[in-house]
Amino acid sequence: MRFKLVVFCCFFAVVFKVSAQESNLKKFRQLSGPEKCWVIFHPFVAKKALKISEKTREITKEIKRKKVLTGNGNGGQVDAFRHAFWMAMLTQEIGKRRARSLGRKHEKGNYKDYKKRRLENGVIPDKISSEMDRFNNEIGIKIGANKNGLDIQKQVVEAVLKGACKIIKKDAYENFLDCDGNYIPIESLKGKWENKKCLVWSNE
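This section reports on the structure supplied with the text. (Residues numbered from 1 in each chain as written. Predicted model: local features only at pLDDT ≥ 70, side-chain atom pairs only at ≥ 80, totals over all residues. Heavy atoms only, no water.)

1. So, the overall build of the protein
Note the following rule: For the purposes of this entry, the term helix denotes a DSSP run of H or I that reaches at least four residues, the term strand denotes a run of E that reaches at least two, and both are numbered from the N terminus. When accessible area is computed with a 1.4 Å probe and restricted to protein chains, residues below 20% of their type maximum are described as buried, those above 50% as exposed, and intermediate ones as partly exposed. Where accessible areas are quoted, they stem from the Shrake-Rupley method and a 1.4 Å probe; at the residue level, only the protein chains shown are allowed to cover.
Looking only at helices and strands, the protein features 8 helices and 2 strands. A total of 204 residues make up the protein; the buried ones form 49% of that total. For the protein, the exposed area adds up to about 10900 Å²; of that, 53% sits on carbon and sulfur atoms.

The following block contains the structure:
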């Protein structure tokens with residue numbers, strides 16, 4: 001996810017002005033059209049989205065560093081956690097309707113990135129990754145809407161470990177596999193929105 005870009009977009013919407021800093025302007029322009037539109041139409045909750053995006057980024061890095069979950073952030077358990085946790089926190093702070101809307105805008109932006117061959121987390125987005133993100137977003141929304149008073153981070157980690165989320169099938173060396181367990185050559189994935197990657201439960 002482009003959390004850094006979402007952060008800058010949210011900031012501009014909240015203060016109702018364009019920053020004079022060239023670095024901020026450059027990052028704002030890099031946002032996808034759908035993400036920009038979300039912020040324009042949700043200016044009063046954008047500040048909360050900003051803080052949640054920052055927190056999600058920090059906590060995900062810590063989860064990965066401590067090896068609480070597996071994966072390199074691209075299609076694995078860490079990736080599933082990031083999306084589910086982001087949506088859970090957003091749901092509690094700005095409501096599930098707005099949270100779901102932002103998640104959908106982000107995925108629309110990913111498709112535009114694919115067409116422009118822009119990278120997300122170091123790789124060009126594809127259809128199966130978007131399907132994974134959307135599924136895990138919904139898991140996060142359900143957790144956030146529950147409001148049972150339990151720690152959100154622990155609930156999301158538990159959901160991933162118990163197999164409630166989705167990840168992309170890989171081998172022990174992070175190579176992508178199809179649904180029959182066959183290795184997918186990386187060359188066959190380049191430039192393709194639809195490919196043979198396979199979604200599995202997050203405890204597989």
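Read on, since the account is not over.
2. Things to note about the state of the cysteines
As a reminder of what qualifies: We call a pair of cysteine sulfur atoms a disulfide whenever their separation is within 2.5 Å.
Taken as a whole, this structure holds 1 disulfide when the rule is applied. Linked covalently through their sulfurs, Cys179 and Cys198 form a disulfide whose S-S length is 2.1 Å. Taking the torsion about the S-S bond as the criterion, the Cys179 to Cys198 disulfide, at about 100°, is right-handed. Of the two residues, Cys179 is situated in the loop between strand 1 (166-168) and strand 2 (199-201) and Cys198 in the loop between strand 1 and strand 2; the sequence distance between them amounts to 19 residues. The buried category is assigned to Cys198, whose relative accessible area is 6%.

3. Details of helix 7 (residues 127-146)
Inclusion rule: In this scheme, a helix's expected span is set at 1.5 Å multiplied by one less than its residue total.
For helix 7, with 20 residues, the first-to-last C-alpha span of 29 Å sits near the 28 Å given by 1.5 Å per residue. Positive backbone phi, approximately 50°, marks Lys147, located one or two places after helix 7.

4. Notes on the packing of aromatic side chains
Formally: Note on ring pairs: Phe, Tyr and Trp rings are taken, using the six-membered ring of Trp, and paired if centres are within 6.5 Å. Classes follow the plane angle, with under 30 degrees stacked, over 60 edge-to-face and the rest tilted.
What the rule picks out here adds up to 2 aromatic pairs. Summarising the aromatic geometry, the rings of Phe81 and Phe85 are spaced 5.3 Å apart at their centres and angled 10° between planes, so their arrangement reads as stacked. Of this pair, Phe81 and Phe85 both sit in helix 5 (residues 77-94), 4 residues apart, which is roughly one turn of the helix. Phe85 sits in the buried class, given a relative accessible area of 2%. With a centroid separation of 5.8 Å and an interplanar angle of 70°, the aromatic rings of Phe135 and Trp201 are classed as edge-to-face. Here Trp201 lies in strand 2 and Phe135 lies in helix 7, a separation of 66 residues in the sequence.

5. With respect to helix 5
The terminal C-alpha atoms of helix 5 lie 25 Å apart, and with 18 residues this matches the ideal 26 Å at 1.5 Å per residue to within 8%. For helix 5, a buried count of 16 out of 18 residues is recorded, marking the element as mostly surrounded by other parts of the structure.

6. What about the packing of helix 4 (residues 46-65) against helix 5?
Rules: Each axis is a line fitted through C-alpha atoms, and for a helix only the stretch in contact is used; angles between axes span 0 to 180 degrees, taken between their N-to-C directions. Just so you know how the angles are binned, under 35 degrees is roughly parallel, over 145 roughly antiparallel, 65 to 115 roughly perpendicular, and the rest oblique. The hand of a helix crossing depends on one turn: near helix anticlockwise from the far one by less than a right angle means left-handed, and clockwise means right-handed. Contacts between residues were defined by any pair of non-hydrogen atoms, one from each residue, lying within 4.5 Å. Basically, the charged four are Asp, Glu, Lys and Arg, the nonpolar ten are Ala, Val, Leu, Ile, Met, Phe, Trp, Tyr, Cys and Pro, and anything else, Gly included, counts as polar.
The interhelical angle for the contact between helix 4 and helix 5, taken along N-to-C directions, is 150°, at an axis separation of 9 Å. Between helix 4 and helix 5, the interaxial angle falls into the category roughly antiparallel. The handedness of the crossing between helix 4 and helix 5 comes out as right-handed. Residues Lys48, Ala49, Ile52, Ser53, Lys55, Thr56, Ile59, Thr60, Ile63 and Lys64 of helix 4 lie in contact with helix 5, whose contacting residues are Val78, Phe81, Arg82, Phe85, Trp86, Met89, Leu90, Glu93 and Ile94. Split by residue class, the contact of helix 4 with helix 5 holds 11 nonpolar, 3 polar and 5 charged.

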